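Summary of the model geometry
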Amino acid sequence: MKLTPLGDRVVLKQLEAEEVTKGGIILATAAQEKPQQAEVVAVGPGGVIDGKEVTMQVKEGQNVIYSKYAGTEVKLDGEEYIIVKQSDILAIVE
Amino acid sequence: MKLTPLGDRVVLKQLEAEEVTKGGIILATAAQEKPQQAEVVAVGPGGVIDGKEVTMQVKEGQNVIYSKYAGTEVKLDGEEYIIVKQSDILAIVE
Amino acid sequence: MKLTPLGDRVVLKQLEAEEVTKGGIILATAAQEKPQQAEVVAVGPGGVIDGKEVTMQVKEGQNVIYSKYAGTEVKLDGEEYIIVKQSDILAIVE
Amino acid sequence: MKLTPLGDRVVLKQLEAEEVTKGGIILATAAQEKPQQAEVVAVGPGGVIDGKEVTMQVKEGQNVIYSKYAGTEVKLDGEEYIIVKQSDILAIVE
Amino acid sequence: MKLTPLGDRVVLKQLEAEEVTKGGIILATAAQEKPQQAEVVAVGPGGVIDGKEVTMQVKEGQNVIYSKYAGTEVKLDGEEYIIVKQSDILAIVE
Amino acid sequence: MKLTPLGDRVVLKQLEAEEVTKGGIILATAAQEKPQQAEVVAVGPGGVIDGKEVTMQVKEGQNVIYSKYAGTEVKLDGEEYIIVKQSDILAIVE
Amino acid sequence: MKLTPLGDRVVLKQLEAEEVTKGGIILATAAQEKPQQAEVVAVGPGGVIDGKEVTMQVKEGQNVIYSKYAGTEVKLDGEEYIIVKQSDILAIVE
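Predicted, not measured: the structure shown is a model, and the values here were computed from it.

With that out of the way, let us pick up the overall build of chain A. For chain A, the count of helices and strands is one helix and 10 strands. From first element to last, N terminus to C terminus, chain A shows the α and β order β-β-α-β-β-β-β-β-β-β-β. Sequence separation of 24 or more characterises 67% of the internal contacts of chain A that already satisfy a separation of 6 or more. As displayed, chain A has an accessible area near 4600 Å², and 48% of this comes from carbon and sulfur atoms.

Written out as structure tokens, the structure is:
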């Protein structure tokens, strides 16, 4: 079972809090907020979105930071994912 | 009796909670919220919508996840449907 | 006496609650809300609306579902009508 | 003394409540609301408005229905007028 | 000392309440509101404003009605002026 | 140390209240509000801003009136400045 | 470990309050607000963002002033960064 995002959407899998601390990025805000670092799990095809050509810049497996409050959470086969638009991804962590 | 969506609209039929649990996707939020997984029942023709060319990407019979709060619920011959814009569909579940 | 809608506007005549129940579509929400199924009574010419070419897709006599909260209600010769923009019409019922 | 509307604006003169009842259109809402039927008194030249070409579709002397809450009321030589944008005019009554 | 408006802005000088009553236009709303009739004192050059070509339609010395809540009030050499965008001017009074 | 504004931004230095009174422009609103007259200190290069070509119309040393609530205040070497977009400048005072 | 901003985003590192006081820019507002002066740490590639070509104007190592409330704070390897869009950068401090 697999999620195939439409248009400029990207499926993310949030990194575990522990991993994140280890990896070194946590949000500078309240500790109980979830870190917004996630792994790219699936990338939409891009194309003309709302009348504008969008080229996808992120790839599966990349570690990204995404915008707070963005995205929709879904659970598939017991795993939680977040679906965001590519424009809600701020930076790639390397 | 049949619903023919206009423009970039799509008619969805929500999956039963049981099916969804079986199928494996439920929303990560409060349990009493309806799952946002649905089957595509009818797809509008697309075309120029609000001055922008929209090509329809989803097909009848596909299983999709759609954006919370999106769409209008209607009942036809005792069945409930949701009419959304294609841009409110986030991903296809395969 | 006749209503001629301007631009992309459409004049609708709401179906009687009885007809709707018989016809089979009622809104899945509170029972006291009016059903949003209506008959198309008059269709504007379309054309360039707010800088965008709009082609009219609905025809007089069609049975349509329109968006809640959309439109303006008017009474003409004792009959009530609703004037909506075509983009507030979600689907045609056949 | 005369009002010459700019751009896509239209000067309307509201029909008296009596006339309206006689003419047959009243709003289906609260009785104390003013009917939104009015006569076209003056029509702006149209042209490029906010970067979009607007062609005027209404003519002096026509009886129209306009959108609630739209427009600015002015009094000229003891007469009240409403100035609306053409896009706030919903339909012509014939 | 002189105000030279930028872009599509227009400098207006409100007519005295007395003049207005004599001239015949007062707003149909609460009596304590200022009448929105004013004389055009200076007109910006127009040109490309926010990516759209704007041609100035009003001239110095014209008597105009402008949109309520629009504009910024300034005092220059003891005189009060209002600076509005041309699109906030509804009609010319002749 | 110098502020170089980006894009269509302009650095302003507010005139002292005394200067303003002498110069003759004060806002017609509450006396404790700061006058919105300022001197242009630095002008951005203009260019394509948010997809639209912007040509800078103001010059260093000009005395301008700018829109209330617009801009960001900064202090540099003990001097206070306001950075606004050119579109927040209403008029040049000459 | 490194942050690579997407599109028109820029990674900033806020200057220490002390540095800022020494450097001479502090915000003219409440003292407990953080100064909005920061160093550019990484610059996105620019390109077509939301259908509009954006050319990046800032460079790594530059000292900039950015718009209050803009941006997302992240912590990487114990350092705090702010990710903003280039349009939230107001001026370069030289």
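Attention now goes to the interface of chain A and chain B. At the interface, 19 residues of chain A touch 19 residues of chain B. Carbon and sulfur atoms make up 60% of the area that chain A and chain B hide from each other, which totals about 1700 Å². At the junction of chain A and chain B, the tally comes to one salt bridge. For B:K52, the salt bridge is made with A:D50, and the minimal N-O distance between the two is 3.4 Å. Where chain A meets chain B, there are seven residue pairs in polar contact (both at pLDDT 80 or more). Listed by contribution, the elements that provide at least two residues to the side of chain A that touches chain B are strand 1 (3–5), strand 8 (72–76) and strand 9 (79–85) of chain A. The element contributing the most residues to the side of chain A that touches chain B is strand 8 of chain A, with five residues. Grouping the amino acids of the side of chain A that touches chain B by side-chain chemistry returns eight nonpolar, four polar and seven charged. The pairing of strand 1 of chain A with strand 10 (residues 89–93) of chain B spans three bridges and is antiparallel. Note that in strand 10 of chain B the partner of A:P5 across the bridge is B:A91.

Any pair of aromatic rings gets described here by the distance separating the centres and the angle formed by the planes. Per the stated rule, a full pass over the model turns up zero aromatic pairs over all chains. Just above the ring of B:Y81 sits the side chain of B:K13; from NZ or CZ to the centre is 5.8 Å.

Attention shifts here to the environment of A:I82. Residues and elements named next belong to chain A. Tracing the backbone shows I82 in strand 9. The exposure class of I82 is buried, given its relative accessible area of 6%. Residues I82 and V40, 42 residues apart in the sequence, show an inter-C-alpha distance of 9.6 Å. Among residues more than four places away in sequence, those in contact with I82 are V10, V11, L12, Q14, Y66, A70, G71, T72 and E73.

Another point: the side chain of A:Q62. Following the sequence through the fold, A:Q62 ends up in the loop between strand 6 (52–54) and strand 7 (63–66). Setting aside residues up to four positions removed in sequence, A:Q62 forms contacts with A:A38, A:E39, A:V40, A:Q57 and A:I92.

Another point: the pairing of strand 7 of chain A. Where strand 4 (residues 37–43) of chain A lies against strand 7 of chain A, three bridges are found, and the strand directions are antiparallel. Following the sheet pairing, A:E39 is matched in strand 7 of chain A by A:N63.

Counting from both sides, the interface comprises 18 residues of chain B and, opposite them, 19 residues of chain C. Of the roughly 1700 Å² buried at the junction of chain B and chain C (both faces included), carbon and sulfur atoms supply 61%. If you sort the residues of chain B by the area they bury against chain C, B:L6, B:R9 and B:K75 come out on top, with a joint share of 33%. For the pair chain B and chain C, the interface holds seven residue pairs in polar contact (both at pLDDT 80 or more). Those elements that place two or more of their residues in the side of chain B that touches chain C are strand 1 (3–5), strand 8 (72–76) and strand 9 (79–85) of chain B. Of all the elements, strand 8 of chain B adds the most residues to the side of chain B that touches chain C, at five residues.

Residues and elements named next belong to chain F. Assignment of secondary structure puts D8 in the loop between strand 1 (3–5) and strand 2 (9–14). D8 gets classed as buried once you look at its relative accessible area, which sits at 8%. There is a polar contact of 3.4 Å between the side chain of D8 and the side chain of K85. With near-sequence residues (within four places) excluded, D8 lies in contact with G46, I49, V54, M56, V84, K85 and Q86.

With that out of the way, let us pick up unusual backbone geometry. The phi torsion at B:D77 lies on the positive side, around 50°, for a residue other than glycine. Assignment of secondary structure puts B:D77 in the loop between strand 8 and strand 9. Despite not being glycine, G:D50 shows a phi value in the positive range, around 50°. Topologically, G:D50 is positioned in the loop between strand 5 (47–49) and strand 6 (52–54).

Quick look at the pairing of strand 4 (residues 37–43) of chain F now. As paired elements, strand 2 of chain F and strand 4 of chain F share five bridges and run antiparallel to each other. Bridged to F:V11 within strand 4 of chain F is F:A42.

A few words now on the confidence of the model for chain A. Averaged over every residue, the pLDDT of chain A is 83; residues scoring 70 or more account for 79%. Confidence drops under a pLDDT of 50 for residues 26–33 of chain A, and excluding neighbours within four residues, the segment shows 14 contacts in the predicted structure.

Structurally, the position occupied by F:A91 is in strand 10 (residues 89–93). Owing to a relative accessible area of 0%, F:A91 belongs among the buried residues under this scheme. Distance in space between the C-alpha atoms of F:A91 and F:V64 is 5.7 Å, their sequence separation being 27 residues. Ignoring any residue separated from it by four or fewer positions in sequence, one finds F:A91 in contact with E:L3, E:T4, E:P5, E:L6, E:I83, F:N63, F:V64 and F:I65.

Following the sequence through the fold, F:Y69 ends up in the loop between strand 7 (63–66) and strand 8 (72–76). Along the chain, F:Y69 and F:D88 lie 19 residues apart, while their C-alpha atoms are 9.4 Å from each other.

Conventions and cut-offs
- Residues numbered from 1 in each chain as written.
- Chains lettered and ligands numbered in written order.
- Predicted model: local features only at pLDDT ≥ 70, side-chain atom pairs only at ≥ 80, totals over all residues.
- Heavy atoms only, no water.
- Helix = DSSP H or I, 4+ residues; strand = E, 2+ residues; numbered from the N terminus.
- Contact = heavy atoms within 4.5 Å.
- Areas by Shrake-Rupley, 256 points an atom, 1.4 Å probe, with all protein chains shown as cover.
- Buried area = accessible area lost by both parts, 1.4 Å probe.
- Salt bridge = Lys/Arg side-chain N within 4 Å of Asp/Glu carboxyl O.
- Polar contact = N/O pair within 3.5 Å; in protein donor to acceptor, adjacent residues only side chain to side chain.
- Nonpolar A, V, L, I, M, F, W, Y, C, P; charged D, E, K, R; others polar.
- Pairing = 2+ DSSP bridges.
- Phe/Tyr/Trp six-rings, centres within 6.5 Å; stacked < 30°, edge-to-face > 60°.
- Lys NZ or Arg CZ within 6 Å of the ring centre and 35° of its normal.
- Buried < 20%, exposed > 50% of the residue type's maximum accessible area, 1.4 Å probe, protein only.
- pLDDT = per-residue confidence, 0-100.

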